[in-house]
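# Notes for the structure review
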Amino acid sequence: MSADRSEGARHRLAGHLADTGALEPGWRPAFEAVPRHLFLPPVYWEFTDRTAVERDRAADPEGWLAGAYRDTPAITQWDDGDQGAGMRDFTSSLSMPTMVASMLRDLDVQDGHLVHEIGTGPGYNAALLAHRLGPDRVVSVEIDKTVADTARANLTAAGLDGVRVVTGDGAEPTTDEASGRADRLIATCSSLVTDIPTAWLGATRPGGILVAPVATLFGGGAMTRLNVDRDGDGRTAAGHFTGPSDFMRMRQQRYQAPPVDAYLPGEWPGDATASVTGLDPEAIGDSWLAQLAIGTRLPDVYYRRAPYQETVTWWFFDTTVTSWATVDSVPGADEYQVRQSGPRRLWDEIHTTWNTWQHAGAPGYQRFGLTLTRAGRRTVWLDHPDNHWSPPAG
Ligand SMILES: C[S@@+](CC[C@H](N)C(=O)[O-])C[C@H]1O[C@@H](n2cnc3c(N)ncnc32)[C@H](O)[C@@H]1O
């Protein structure tokens, strides 16, 4: 495959996205016209089968180009550009095309709309928006200067250099005259449910729509589609989750967990009390949805998995560093050993939340929703905004 033949690849990718139902017909011309490979650096990592596979244009031009038109995310930066640190975390990427298409579908743009994007990355999503609405209808904010500069160059190479790429923190989107107030706001980096930027309400006009991935410390993630209140001058936004999501976190919301000995200075199990449980924590680990249900109800709890031979020890911690718990998952067992320490019985809280979710019929993503207020309240609910799922203070 050569760059000249990318037109065929674009059409095939668009056909695949249409078959999955992610690509709404109004977006098809943009996906067919904008060359995705123009937004990729000479070396990127295609994320496929949970593995980052290097695609090097110099070594394998065919493989490099073919990867650009598969339905896979492409990692373009590790560790905020500190490649020497050993490539631990993805920090910028081109998102998976199915996810890009479904978010644009949820955004429900109309001709003439002004769209603010948070998290420009290499600029592909901004280019699709610019193709559909016109470059002057797109403002995109990127926190990383090198990434923003690259996005500007990529957009120019694609003939779409009228897009306004702002280097800055998208948690405080620009509402200056040059940017205007958005009809639609789309975030392509995730926020913790408890920390979705309230400034997004002020940046979006009443009647507008916000599409944003949300996450929890515990794990799990969802896409939200929030309608900004028409009557209240954009002071509230609410809507259902639309499906799962797994986006890189907004830079300032990354969580640095304290070391284990901050919780347990001596030898395990310390002063912990012992019990047994019938719930295998691996069942939680296997379900992104269960993690979301638990994480939205217990927003200050997180876990770490420690495999040792056949056993996997699950560690649970609170962010205030008062309590911890462990549960040993042994394959084939009916009961699992539990240790809990501190004023909170973290495993009991998790198990109770799991039971509450199960008794509600293990509701899926679309039954959950979120209300965000300008005053800073973020409430996750089940089925109806009055039926709160998140804790009262959340
Ligand atoms: C998944 S990438 C964006 C994907 C991209 N929009 C595309 O076209 O596929 C997420 C980007 O969000 C950026 N980011 C993280 N925190 C941010 C923040 N607070 N404000 C603006 N951008 C942020 C990251 O630097 C990264 O480039």
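Residues numbered from 1 in each chain as written. Predicted model: local features only at pLDDT ≥ 70, side-chain atom pairs only at ≥ 80, totals over all residues. Heavy atoms only, no water.

### Notes on helix α5 (residues 124-133)
With eight of its ten residues buried, α5 lies for the most part within the structure. Regarding α5, the residues found buried are Y124, N125, A126, A127, L128, L129, A130 and L133. After α5 finishes, the residue G134 shows a positive phi value of roughly 105 degrees. (Buried < 20%, exposed > 50% of the residue type's maximum accessible area, 1.4 Å probe, protein only. Helix = DSSP H or I, 4+ residues; strand = E, 2+ residues; numbered from the N terminus.)

### Brief notes about the packing of helix α1 (residues 6-20) against helix α4 (residues 97-107)
Between α1 and α4, whose axes approach to 10 Å, the crossing angle comes to 60 degrees. Comparing the axis directions of α1 and α4 gives the class oblique. Considering the relative orientation of α1 and α4, their crossing is right-handed. Only P97, T98 and A101 of α4 make contact with α1, whose side of the interface consists of L13, L17 and T20. For the contact of α1 with α4, a count of residues per class yields four nonpolar, two polar and no charged. (Axes fitted to C-alpha atoms, helices over the stretch in contact; angles between N-to-C directions. Parallel < 35°, antiparallel > 145°, perpendicular 65-115°, else oblique. Left-handed = near helix turned anticlockwise from the far one by under 90°. Contact = heavy atoms within 4.5 Å. Nonpolar A, V, L, I, M, F, W, Y, C, P; charged D, E, K, R; others polar.)

### What about the domain arrangement of the protein?
A common measure of how large an interface is: the accessible area buried when the components associate. On domain assignment, one finds that the protein holds domain 1 (3-189) and domain 2 (260-359). Of note, the centres of domain 1 and domain 2, computed from C-alpha atoms alone, are 38 Å apart. (Domains from an automatic or database assignment.)

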